[in-house]
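A look at the structure
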Amino acid sequence: MTLPPIDDWWSELSIDAQRAVLGSGTPHLGEAVREEIREITGAVVGMLETLSDDELKYARAHFDSESDG
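The following refers to the structure shown. (Residues numbered from 1 in each chain as written. Predicted model: local features only at pLDDT ≥ 70, side-chain atom pairs only at ≥ 80, totals over all residues. Heavy atoms only, no water.)

So, the environment of T2
- Relative to the assigned elements, T2 resides in the segment before α1 (15-23).
- Looking at T2, the relative accessible area reads 65%, which means it is exposed.
- Sequence separation between T2 and T50 is 48 residues; the distance between their C-alpha atoms is 9.8 Å. (Helix = DSSP H or I, 4+ residues; strand = E, 2+ residues; numbered from the N terminus. Buried < 20%, exposed > 50% of the residue type's maximum accessible area, 1.4 Å probe, protein only.)

Considering the environment of G30
- Its location among the elements puts G30 in the loop between α1 and α2 (31-41).
- The sequence separation of G30 and M47 amounts to 17 residues, and the corresponding C-alpha distance is 7.8 Å.

A look at the nonpolar core
- W9, L29 and I37 are the most contacted members of the largest nonpolar core, which has 14 residues in total.
- Secondary structure elements with two or more residues in this core: α1, α2 and α3 (53-61).
- Ignoring anything within four residues of it in the chain, the contact list for L29 reads L3, V21, R34, I37, V45, E49 and L51. (Core = buried A, V, L, I, M, F, W, Y, C linked by side-chain atoms within 4.5 Å. Contact = heavy atoms within 4.5 Å.)

Below, the structure is given as C-alpha cells:
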C-alpha cells in the first residue's frame, strides 16, 4: 500500500501517535499509528510503510508538544 501524504493526516493524529512516530528512532510506523492513519484517511497502511526524511522533517516541524491530543 502507499502511505497517504503526511499533510493529509499528521495534524489529526493523536499526540500519543505523534510522539510515537517522532520518538521511535526509526522511519517505520507502528501498528497503532498505522491504524490511526487508516481511520483518518481510509487508506490501508502496510506494515512496511516508512516515512521519508522529508516526511520526518515535516512531522518535527508540525509537532505540537503543548497539545494534550
